[in-house]
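What follows is the residue order along each chain.
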Number of protein chains: 2
Amino acid sequence: MEIYRGHIVYSKNKDELVELTNGYIVVTDGIIQGVYKDLPKEYIDNKVIDFGNGVIIPAFSDLHVHAPQYPNRGIAMDKLLSNWLNDYTFPLESKYKDLEFAKQVYQAFVNDLIKHGTMHAVILGTIHNPATDFLMDLLENKGIQAYVGKVNMDKDSPSYLIETTDQSIKDTKAFIKKHINNKYAKAILTPRFAPTCSFKLLKELGKLAKEYNVPTQTHIVESLWEKEEAKKCFDGCRCDMQIYDETGLLNVQPFIAAHFIFPSEEDIKLLKDHNGYAVTCPDATTNVIAGIMPTGKLIDTGINLAIGSDISAGSYLGIYRQVASVVRLSKLKQFYEPENRTVHFNEAFYMATKSGGKIFDKVGSLELGYYFDALVIDGLEDSFMKLSPIQLVERFCYAGDSHHIVHRYLRGKEI
Amino acid sequence: MEIYRGHIVYSKNKDELVELTNGYIVVTDGIIQGVYKDLPKEYIDNKVIDFGNGVIIPAFSDLHVHAPQYPNRGIAMDKLLSNWLNDYTFPLESKYKDLEFAKQVYQAFVNDLIKHGTMHAVILGTIHNPATDFLMDLLENKGIQAYVGKVNMDKDSPSYLIETTDQSIKDTKAFIKKHINNKYAKAILTPRFAPTCSFKLLKELGKLAKEYNVPTQTHIVESLWEKEEAKKCFDGCRCDMQIYDETGLLNVQPFIAAHFIFPSEEDIKLLKDHNGYAVTCPDATTNVIAGIMPTGKLIDTGINLAIGSDISAGSYLGIYRQVASVVRLSKLKQFYEPENRTVHFNEAFYMATKSGGKIFDKVGSLELGYYFDALVIDGLEDSFMKLSPIQLVERFCYAGDSHHIVHRYLRGKEI
């Protein structure tokens, strides 16, 4: 049993951000047994690990990140989407046919993910099985809860980064089977997005989803162009989400819809009815794509929401900065489209922790029964003005960096 | 004489970002004598300070920052502008009547400014002379080139943070005279903005500007509300900038127009004709104000442009992050208002260094004759993919933090 003392901040629900000043968390076998304002008498003789003015918060969940694009983070950010894809992103992704290159990048990527306090993630690989297998094994061995996808793309892709439909299916099946007994890092189907996947491929993926009970991640209505392209998938296609409905890919949870910037009413209904997740990647959608998710509206529909770093369209791996960006961009969205509303800090923090964490096993909060997947943040307070624990967390999201994370716990073990 | 070796990146002009891989900078008495690809023979026997893979860049200039708001950085960021002002900002500013409080904050503020690589700044204080005098003395003693303003506000302000017109003028005059012989930190007139200044006050400030040759900073068309309020300043007032023209405040350079989000053609013409500066504070204008400067358009008019952190409407003191935000927000502006264009990284970096630096003495570039006010950034490269020096600087702006600044030089002295 371990007992931790410090300020404590976690989301109970989207509206309620709980704060305890100098509280206690009791953990046994990596699982939280209780969170207390005052330490119960029964524990009074136990050793207490005291974080002083540090704030204990849940570790973050990143629900959309391209691991192979990690080498391009923070470069070419003033390019057009088409240039960024064709001159930077696709050429880089093609390098993952070289397993040795992949090993170097993926090790650095996973270390950096942890450094930034992200302990749970939904990750896109590339079309290459050996590289993506390596990434999966790495996460599994570290005990990081993740969904990892071997990417599918069999049309309208560069000649050096494309598969045949048959090879794509064959490789996907091999990928699923190879990792089927994993405990932490699991396979997820990853059709890149409608414009690069034939309807035949998507239907075959739908069969795999059913046969192996594997969920799906993809990009949904990420741009006005993509929204229109998606409709060319099959005759009579009305919207992007319908494609995944028709092919059976919505039937296994969680369905991860990255970006979701321009959803139609039907897109929203389909995602909600299948308990799917809309994942906003605010910096990414301003860096290389143009548009802002109608986050406030979507929150009010009751749909599941989460946040992604979307490296390397996004430039920063820390989800905490994206929490700030979600709030910030919601204000701009409201300015330009007044039917939208401001997303509040507690809502954005909930998206990054408890809401996104729901697709994994018992993570994202600091309540009874959750794993102690947690961070201690410190060095954010001033001597001249007292801030509340919640204000310290807000400051961390707006003005912090990875150096403010002074401890990282994964299922109760410091890493 | 000191000779520094490392990668070198600086702006020659808005379009040309110079990069040297493993170049040399020769500095004598704090002034750059030359920048070389290969070390000239005459220096071959001199000791060279080698920064390895570090990149030498000019120190940043922050042209709009509220020092007294430093304790509020990164909090209350999801509030409305009116709540943020009345519940957080004004109450905090009123505390600077307490000189001891001011001393603590301003020392921390200046240290943090330097930590983030900002060596030149245009700073707003509060209405309180002793506190603002302290800030001025602190900067002067550290040798930081700055303009510092005692704020003027004599109407439509909270009862606990307002001056009479006479007191405001008297205190401003005393402030100017007290610091008139300063070498580095100089007085700047600081009418808060048109809505909180009577026309009489502004006219009196115009007289002081002329008498003491003191320039002016203020907020210009920072919101649609303010744009309209400004027109109530005097009968027949057509635009915000006209107020400062009528009162003679445009006649001393540099005139610093913070935000400049909604300028009319006349605002632009007046600012340009008086060689003034439009200062964008991108995070700030999305955090608490709504709107994006038409930066691309303004660049194309040839107007002077610079960047401000605008603490605490802005949440982060590092101007490098704002360089990224300028690019990012220009893409959103273009999305919503397609007559605007993307601002490129070289343009935003120029704004943050050479352009903003022009209002000070010989800073903002690494060319011959400039002070060696410089930073060395490091720890941004990966082992698995080579980046150019410019790409490393771009990554620093998008994904870096103050820990990537490994050396800081002020007129050739490491600080």
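Residues numbered from 1 in each chain as written. Chains lettered and ligands numbered in written order. Predicted model: local features only at pLDDT ≥ 70, side-chain atom pairs only at ≥ 80, totals over all residues. Heavy atoms only, no water.

As a further point, take the overall build of chain A. Along its length, chain A carries 13 helices and 17 strands. Since a compact globule built from 415 residues should have a radius of gyration of about 22 Å, the 21 Å found for chain A is in line with a globular shape. For chain A, the spread of C-alpha atoms along the three principal axes comes to 65 × 50 × 40 Å. Expressed as a percentage of its 415 residues, the buried residues of chain A come to 69%. Taking contacts inside chain A between residues at least 6 apart in sequence as the whole, the part at least 24 apart equals 74%. Summed over all atoms, the accessible surface of chain A reaches about 14000 Å², with 48% contributed by carbon and sulfur. Averaging the coordinates of the 46 positive side-chain charges in chain A and doing the same for the 53 negative ones gives two points 2 Å apart. (Helix = DSSP H or I, 4+ residues; strand = E, 2+ residues; numbered from the N terminus. Rg over C-alpha atoms; globule rule 2.2 N^0.38 Å. Buried < 20%, exposed > 50% of the residue type's maximum accessible area, 1.4 Å probe, protein only. Contact = heavy atoms within 4.5 Å. Areas by Shrake-Rupley, 256 points an atom, 1.4 Å probe, with all protein chains shown as cover. Lys, Arg positive; Asp, Glu negative; His and termini not counted. Charge placed at Lys NZ, Arg CZ, Asp CG, Glu CD.)

Our next topic: the environment of Cys-397 of chain A. All names here are of chain A. Mapped onto the secondary structure, Cys-397 falls in helix 13 (residues 389-399). We classify Cys-397 as buried; its relative accessible area is 1%. On a C-alpha basis, the gap between Cys-397 and Ala-324 in space is 5.6 Å, while along the polypeptide they are 73 residues apart. Leaving out residues up to four positions away in the same chain, Cys-397 has contacts with Tyr-320, Arg-321, Val-323, Ala-324 and Phe-345.

All names here are of chain A. If you walk across this open sheet you meet the four strands as 5-6-7-9, and the pairing is parallel. Two strands in the sheet have a free side with no partner beyond their single neighbour: strand 5 (60-66) and strand 9 (185-187). Sheet twist, expressed as the average angle between the axes of neighbouring strands with direction ignored, equals 20°. (Pairing = 2+ DSSP bridges. Axes fitted to C-alpha atoms, helices over the stretch in contact; angles between N-to-C directions.)

Before going further, it helps to examine the sheet that holds strand 11 (residues 217-220) of chain A. Residues and elements named next belong to chain A. Reading across the sheet, the four strands line up as 11-12-13-14 and stay open at both edges, with parallel pairing between neighbours. Looking at the sheet topology across the chains shown, the edges are occupied by strand 11 and strand 14 (304-307). The sheet shows a mean angle of 30° between the axes of neighbouring strands, taken without regard to direction. With three bridges joining them, strand 12 (residues 256-259) and strand 13 (residues 277-280) adopt parallel strand pairing. From the neighbouring strand, Ala-257 faces strand 13, where its bridge partner is Ala-278. Packed on one face of the sheet, helix 12 (residues 345-357) meets strand 13 and strand 14 and runs near 105° to strand 14.

Residue and element names in this part refer to chain B. Of the two faces of strand 14 (residues 304-307), both are covered, the one formed by Asn-304 and Ala-306 as well as the one formed by Leu-305 and Ile-307. Note that strand 13 (residues 277-280) and strand 14 share four bridges and pair parallel. What sits directly across from Ala-278, in strand 14, is Leu-305.

Across the boundary between the two partners, chain A contributes 57 residues, which contact 56 residues of chain B. For the chain A and chain B pair, buried surface summed over both sides reaches about 4600 Å², with 55% attributable to carbon and sulfur atoms. Looking at the side of chain A facing chain B, the largest losses of area belong to Asp-78, Tyr-336 and Phe-384 of chain A, adding up to 16% of the total buried there. For the interface between chain A and chain B, the tally reads four salt bridges. With a closest N to O distance of 3.8 Å, Asp-283 of chain B and Arg-328 of chain A form a salt bridge. Put simply, chain A and chain B have 33 residue pairs in polar contact (both at pLDDT 80 or more) between them. Counting residues per element, the ones that place at least two in the side of chain A that touches chain B are helix 1 (81-94), helix 2 (99-115), helix 9 (282-287), helix 11 (319-336) and helix 13 of chain A. At nine residues, the largest contribution of residues to the side of chain A that touches chain B is made by helix 11 of chain A. Per-class residue counts for the side of chain A that touches chain B are 30 nonpolar, 13 polar and 14 charged. (Buried area = accessible area lost by both parts, 1.4 Å probe. Salt bridge = Lys/Arg side-chain N within 4 Å of Asp/Glu carboxyl O. Polar contact = N/O pair within 3.5 Å; in protein donor to acceptor, adjacent residues only side chain to side chain. Nonpolar A, V, L, I, M, F, W, Y, C, P; charged D, E, K, R; others polar.)

Attention shifts here to the relation of the copies chain A and chain B. By a simple turn and slide, chain A fits onto chain B: the slide is 0.0 Å along the axis, the RMSD is 0.0 Å, and the turn is 180°. Both copies of the chain, as the preceding transformation shows, are related through a two-fold rotation axis. Relative to the rotation axis, the closest C-alpha in chain A is found at Asp-401 of chain A, a distance of 3.4 Å. (Least-squares fit on C-alpha atoms with pLDDT ≥ 70 in both.)

What follows is about the packing of helix 11 of chain A against helix 12 of chain A. Residues and elements named next belong to chain A. Two numbers describe how helix 11 lies on helix 12: the axes approach to 9 Å, and their chain directions differ by 140°. Judged by the inter-axis angle, helix 11 sits oblique to helix 12. Crossing handedness for the pair helix 11 and helix 12: right-handed. When helix 11 is examined against helix 12, the residues Ile-319, Val-323, Val-326 and Val-327 are found in contact with a partner set consisting of Phe-345, Ala-348, Phe-349, Met-351 and Ala-352. Its residues assigned to classes, the contact of helix 11 with helix 12 comprises nine nonpolar, no polar and no charged. (Parallel < 35°, antiparallel > 145°, perpendicular 65-115°, else oblique. Left-handed = near helix turned anticlockwise from the far one by under 90°.)

Residues and elements named next belong to chain A. Counting through the fold element by element, Glu-19 comes out in strand 2 (residues 17-28). Residue class for Glu-19 comes out partly exposed when judged on its relative accessible area of 33%. Along the sequence, Glu-19 and Asn-304 sit 285 residues apart, while their C-alpha atoms lie 23 Å from each other. Setting aside anything within four residues of it in sequence, one finds Glu-19 in contact with Ile-8, Val-9, Ser-388, Pro-389 and Ile-390. At 2.9 Å, the side chain of Glu-19 forms a polar contact with the backbone nitrogen of Ile-390.

In this section: the nonpolar core. Phe-260 of chain A together with Phe-260 of chain B are the most contacted members of the largest nonpolar core, which has 264 residues in total. Discounting residues that sit within four places of it in the chain, Phe-260 of chain B has contacts with Ile-220, Val-221, Met-241, Asp-267, Ile-268, Leu-271, Ala-278, Met-293, Pro-294, Leu-298 and Ile-303 of chain B. (Core = buried A, V, L, I, M, F, W, Y, C linked by side-chain atoms within 4.5 Å.)

Turning our eyes to something else, we now look at the side chain of Asn-182 of chain A. Residue and element names in this part refer to chain A. Within the element layout of this structure, Asn-182 appears in the loop between helix 4 (165-178) and strand 9. Residue class for Asn-182 comes out buried when judged on its relative accessible area of 17%. A distance of 2.7 Å separates the side chain of Asn-182 from the backbone oxygen of Ala-185, its partner in a polar contact. When neighbours within four sequence positions are excluded, Asn-182 is seen to be in contact with Met-136 and Glu-140.

To continue, consider the pattern of salt bridges. All names here are of chain B. Counting across every chain of the model gives 40 salt bridges over all chains. Across the pair Lys-200 and Asp-166 runs a salt bridge, and its minimum N-O distance is 3.8 Å. Remark: Asp-166 occurs in helix 4 (residues 165-178) and Lys-200 occurs in helix 5 (residues 199-212); sequence separation between them is 34 residues. By relative accessible area, Lys-200 is classed as partly exposed at 45%.

Moving on, we get to unusual backbone geometry. With an omega dihedral of -5°, the bond running from Gln-253 of chain A to Pro-254 of chain A counts as a cis peptide bond. Within the secondary structure, Pro-254 of chain A sits in the loop between helix 7 (240-246) and strand 12. Between Ile-311 of chain B and Ser-312 of chain B the backbone carries a cis peptide bond, its omega angle lying at 0°. Structurally, Ser-312 of chain B is set in the loop between strand 14 and helix 11 (319-336). Even without glycine at this site, Arg-411 of chain B takes up a positive phi of about 45°. For Arg-411 of chain B, the location among the structural elements is in the loop between strand 16 (405-410) and strand 17 (413-414). Take Arg-411 of chain B: its relative accessible area is 17%, and that puts it in the buried class.

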